Amino acid sequence: MRNSASSLPLLGLLFVAFHACGGSSSTQSPGSDGGPDGSMADGSVTDGTGAADTPGDGGGSDASLASLKLQHVVVIMQENRSFDHYFGTFPGAEGIPMDGNGNPTVCIPDPNADGACVAPYHDTNDKNAGGPHTNAAFVTCTDGGKMDGFIKSAEKGTQNCADPTDPSCTNGAIDVMGYHTAAEIPNYWAYAKGFALHDHMFQTNASWSYPMHIAMVSAWSARCTADDPMTCTSEVEDDGTDGEAGPGNHYPWTDVTYLLHKHGVSWRYYLSKGTDPHCGNAPNVCPPVTLDPTVPSIWNPLPDFDDVTEDGEQANVATVDDFYAAITSNALPSVSWIIPSSTVSEHPPALVSTGQGYVTALINTIMQSPYWDSTVIFLSWDDWGGFYDHVVPPKIDSWGYGIRVPAITISPWVKAGTIDKQVLSHDAYLKFVEDVFLDGQRIDPKTDGRPDSRPAVRENAGELGNLLSVFDFTQQPLPTMVLPVK
C-alpha cells in the first residue's frame, strides 16, 4: 500500500476552505485550439502556448513517473451540466459556435413556437431548470447527430414533479439553451485556466445518474438474470439483478475496487451529507433517501457490488466528514471518490453557487495540506442534465458515449493552461488509476482473475485518450490556487 505524506499539521478548522481567500494563483489564459474540430485523431493536447504534445512523448508524461510523483487520486463527481452550458464561451475551447461578433450561429427549434428557434444565451440565474436526461431524452436531444432536440426534450419533460431530480422532469421554465460564464462560475473558470480543461469529455453512458455512477467505478452498466457475473448483459438504464437502486439489488460484475483490494491499494468512496435524489424505484412513488454509507442508492452503488462484500470492504464507503478527517490525520487513501448530496450537487434545481462553494472547499482543503504535491484531482459532472451541447457524441457500443460534460484536471504536475482535445469519457479516470496504481491492469475478465460477461474492456477503447498526456512530471510543481468559497 502506498505511503501518504509523512506528517500533517492539525488544521485549525475542519473546513479549512472557509478562508475567504489566499494562496497563489497559477492561472494562464488558454491559447487557440488550432481549429474548430477538437476531436483530434492522434489524441494530441493543446497547451496554453498552442504547442502540442502526444501521449507518451517523453515529456514526463508516462505512468512510471506518475507512480513516483502521485500518491493520491481524488475524483469529485458533480451532477447534470453539459460542457457548452458551463464552458461554451471559454477562450480557446470548442464551445458554442459563434460568428466574429460573438453571436451564436446555431438556433435550436422550439416545437411549441410555430417553427421558431432559440439560440444559446447567457443565463445569469443561479437556479436552473434543466430537462430530462434519460436514454430516451438522449435520443431526442442528439436527434441522430443533428444535436437539435434539446428544447423538444425539455418541453416533453414532466412538470411539477414531486421529486425534482426525477430524470424525466423539467423543473420550471425551459432554460436548456442557457449557458454560464466566469461571472456565475468564477472558480471553475479559474481552475480551467490554471490547470487543464478537457473539452471532449463525454459521459460514460447515454443516460442518467444511476447507470453513470455504476459505470464510474466498474466501466460497465449491466442487467443480470441472476446473482452471477456471467448472466449480465449491457444495460443503459436499469442495472443489477432487479434494476432498481437500493438494498437487495446485486451487481455481480467486477468493479475497480476489486483490483485495488487485490493490489493492496487503499480507497474510499465518500458521501456528502444530505439526500440522494430518490430511493431507486420510480421517483414518483418514493421520497429522497438520506445518504448513508451502509445503504445503497442511486449515487451510492458500491454496497451492492458483490466483490465489495466478498472483500470485506463495505466500510470503505464513508462520509465526507471522514474525508476531512483523513486529511487531518494523515490517512488520505490512494484513490478517493467524493459524491455530493442533492443540495450541493448542482443537479437542477440545486443552486450552481452552492455546488461551486462545496467543490471549492474540498479543493482548498487538499491544496492547503501537505497532500497537494502528491495529488491529482479530477473534477467532472456525471451527465448533461438536459442542457444544450453541440458536439456529437462518439458511439462506441450499445450504451455510450453520452453527451459532453465539463471536466477539469487539477494537480501541481499538470501543464498549466492546457485545453485537452482528446476524446475522453469517465472511463479515462479508471484507466488512469489502473496505469498509476495497478501497473496497467484493466477490469478485464480475461486477465483480472474475476471473470464476468462484459463485451469489451472500456478502458482499452480505441477512442479513449490518455489523461497522462496533460501532465509533465519533470516541471516545477504548480503552486496552489486557494479560492473563496462564495
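Attention here is on the structure that accompanies the text. (Residues numbered from 1 in each chain as written. Predicted model: local features only at pLDDT ≥ 70, side-chain atom pairs only at ≥ 80, totals over all residues. Heavy atoms only, no water.)

Observations concerning the overall build of the chain
When its secondary structure is counted, the chain shows 11 helices and 20 strands. Out of the 486 residues in the chain, the part that is buried amounts to 61%. Considering only intrachain contacts with a sequence separation of at least 6, the fraction spanning at least 24 residues in the chain is 80%. (Helix = DSSP H or I, 4+ residues; strand = E, 2+ residues; numbered from the N terminus. Buried < 20%, exposed > 50% of the residue type's maximum accessible area, 1.4 Å probe, protein only. Contact = heavy atoms within 4.5 Å.)

Topic: the pattern of salt bridges
In the structure shown here, the tally under the stated rule is 9 salt bridges. The partner of Glu 434 in a salt bridge is Arg 442, and the shortest N-O contact between them spans 3.2 Å. Take Glu 434 and Arg 442: they sit in the same class, and that class is buried. Three or more residues joined by partner-sharing salt bridges are found here, namely Asp 84, Asp 389 and Arg 404. (Salt bridge = Lys/Arg side-chain N within 4 Å of Asp/Glu carboxyl O.)

Examining the pairing of strand E17 (residues 375–381)
Among the 7 residues that make up E17, 7 are buried, leaving the element largely enclosed by the rest of the structure. Because side chains alternate across E17, one face comprises the buried residues Thr 375, Ile 377, Leu 379 and Trp 381, and the other comprises Val 376, Phe 378 and Ser 380, equally buried. Note: E17 against strand E18 (residues 407–410), 4 bridges, orientation antiparallel. Within E18, the residue paired with Leu 379 across the bridge is Ile 408. (Pairing = 2+ DSSP bridges.)

Some thoughts on the packing of helix H5 (residues 186–194) against helix H10 (residues 352–367)
Here H5 crosses H10 at 45 degrees, and the two axes come no closer than 9 Å. Comparing the axis directions of H5 and H10 gives the class oblique. Where H5 approaches H10, its residues Pro 186, Asn 187, Tyr 188 and Tyr 191 are matched on the opposing element by Gly 355, Gln 356, Val 359, Thr 360, Ile 363 and Asn 364. Class assignment of the residues belonging to the contact of H5 with H10 gives a composition of 5 nonpolar, 5 polar and no charged. (Axes fitted to C-alpha atoms, helices over the stretch in contact; angles between N-to-C directions. Parallel < 35°, antiparallel > 145°, perpendicular 65-115°, else oblique. Nonpolar A, V, L, I, M, F, W, Y, C, P; charged D, E, K, R; others polar.)

A closer look at the state of the cysteines
The full count for this structure, using the stated rule, is 3 disulfides. Each sulfur of the disulfide joining Cys 107 and Cys 117 lies 2.0 Å from the other. With the S-S dihedral at roughly 95 degrees, the linkage between Cys 107 and Cys 117 falls on the right-handed side. Taken together, the residues Cys 107 in the loop between helix H2 (83–87) and strand E4 (108–109) and Cys 117 in strand E5 (residues 117–118) connect sequence positions 10 residues apart. Using a relative accessible area of 40% as the deciding quantity, one classes Cys 117 as partly exposed. (Disulfide = S-S within 2.5 Å.)

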